[in-house]
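# Tertiary structure, described
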Amino acid sequence: SETLSAAFRSAAKDKNVRAIVFRIDSPGGSYAASDAIWRETICAKNAGKPVIASMSDVAGSGGYFVAMACNRIIAHPGTITGSIGVVSGKMVTSGFWNKVGIHWGTLFTNKNADFWSDTNRYSAEQRKLMESWLDEIYEDFVRKAAEGRKMDIDRVDLAAKGRIWTGRDAIEKGLVDELGGLHEAIRAAKAAAPIPEDEHVGLKIFPLKRPLWKRLSRSGRE
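About the thresholds
- Throughout this description, residue numbers start from 1 for each chain and increase along the sequence as written.
- Totals for whole chains, interfaces and linings use every residue, but because this is a predicted model, local features are given only for residues with pLDDT of at least 70 and side-chain atom pairs only at 80 or more, for both listing and counting.
- Side-chain numbers come from the whole structure's heavy atoms, not from hydrogens or water.
- Any two strands with at least two DSSP bridges between them are considered paired.
- Strands here are runs of E lasting at least two residues and helices are runs of H or I lasting at least four, both read from the DSSP assignment and numbered beginning at the N terminus.
- By convention a crossover is right-handed if, when the strands point away from the viewer, the path from the first strand over the helix to the second runs clockwise.
- Definition used for salt bridges: Asp or Glu carboxyl oxygen within 4 Å of a side-chain nitrogen of Lys or Arg.
- Between buried and exposed lies partly exposed: a residue is buried under 20% and exposed over 50% of the maximum accessible area for its type, with that area taken using a 1.4 Å probe on protein chains only.
- Residues count as neighbours in contact if any of their non-hydrogen atoms are within 4.5 Å of one another.
- In this scheme Phe, Tyr and Trp rings, the latter by its six-membered ring, pair at centre separations within 6.5 Å, and the angle between planes marks the pair as stacked below 30 degrees, edge-to-face above 60, and tilted otherwise.
- Candidates for patches are residues over 30% relative accessible area with no salt bridge; among them, like charges are joined within 9 Å and nonpolar side chains (Val, Leu, Ile, Met, Phe, Trp, Tyr) within 5 Å.
- Methods summary: accessible areas were calculated by the Shrake-Rupley approach with a probe of 1.4 Å, and residue burial reflects only the protein chains presented.
- In this charge count, Lys and Arg are treated as positive and Asp and Glu as negative; neither His nor the chain ends contribute.
- Taken as the charge centre is NZ of Lys, CZ of Arg, CG of Asp or CD of Glu, depending on the residue.
- Distance and chemistry together define a polar contact, namely a pair of N or O atoms within 3.5 Å, with one atom able to donate a hydrogen and the other to accept it when in protein, and with adjacent residues in sequence counting only for side-chain atoms on both sides.

So, about the pairing of strand β1 (residues 20–26). One ladder, built from 6 bridges, connects β1 with strand β2 (residues 51–60); its direction is parallel. If you follow S26 over to β2, its bridge partner there is A59. The parallel pair β1 and β2, bridged by helix α2 (residues 31–46), forms a crossover whose chirality is right-handed.

Shown next as structure tokens:
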């Protein structure tokens, strides 16, 4: 999220950038990271830079989250789209350690200090807390999807609950605006800028590639 957020801020500040094409190929991941990128798409729009989402093979879960506030979403017919939902948990490895004869002891000063420990299962209280977190994230995801897509929450919920769609099906569900690839996304960006369709435009790739000496030196860190 740090790299993408910085790229969005750079593009939003660049006077030569008229619109942003956001190419996405992601099955998702961190909710916090997705939310940070989602916010940057809004900041870019507020700075007067239309943002067009161009979905590649996969734009699911967090991969859809980062797209849903864009001015327009374009997907390939077979793009894995949606998966508006959230899942979390942890691997409990105590059974494995017991089999190999290794036993772990724990000391902690708070009843939830072992919340993410892989040697203990969730307590009943911890499981209830986890479920409440997941409910909050899901409600936030659906609400922001409804706002971005200008849809009723109930309609979004019918397409949500972790379901995945092809790009073609996602149009019918209101999750995608049109089918196409990068060329169609550039055309949509020109229309949103607005720039005449037959006018030649240059493409600037973000994040900008830094010189090798900057990448190797401490002074080149951003």
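We are not done yet, so read on.
Attention shifts here to the pattern of salt bridges. Enumeration according to the criterion identifies 12 salt bridges in this entry. Among the ionic pairs, D140 bridges to K144, the shortest N-O distance being 3.1 Å. Remark: K144 and D140 occur in helix α5 (residues 124–149); sequence separation between them is 4 residues, near one turn of the helix. Pair check on accessibility: D140 and K144 agree, each one buried. Of the charged contacts, one joins E147 and R143 as a salt bridge, the two residues approaching to 3.1 Å between their closest N and O atoms.

Restricting attention to buried positions, one finds in helix α8 (residues 182–192) the residues A185, I186, A188, A189 and K190. Residues of α8 that are buried sit in contact with β1, β2 and β3 (72–75).

Going through the model one piece at a time under the given rule, you end up with 10 aromatic pairs. Between Y31 and F65, the ring centres sit 5.9 Å apart and the planes meet at 80°, which makes this aromatic pair edge-to-face. You can see Y31 sitting in helix α2 and its partner F65 sitting in helix α3 (residues 62–65), a full 34 residues away along the chain. A relative accessible area of 30% means that Y31 is categorised as partly exposed. Overall, F65 belongs to the buried group, its relative accessible area being 2%.

A separate point is a nonpolar patch on the surface. A contiguous nonpolar surface patch, about 430 Å² in accessible area, is contributed by F96, V100, I102 and W104. Mapping V100 onto the fold places it in the loop between α4 (94–99) and α5. Residue class for V100 comes out partly exposed when judged on its relative accessible area of 46%.

Here the focus is a negative patch on the surface. Taken together, E131, D135, E136 and E139 make up a surface patch of like negative charges. Here D135 lies in helix α5.

On to the environment of N120. Examined against the element boundaries, N120 turns out to sit in the loop between α4 and α5. Residue N120 is classed as partly exposed on the basis of its relative accessible area of 22%. Sequence spacing of N120 and S94 is 26 residues, and the spatial spacing of their C-alpha atoms is 7.0 Å. Discounting chain neighbours no more than four positions away, the residues touching N120 are K90, V92, T106 and D114. A polar contact is formed between the side chain of N120 and the side chain of D114, at a distance of 3.4 Å.

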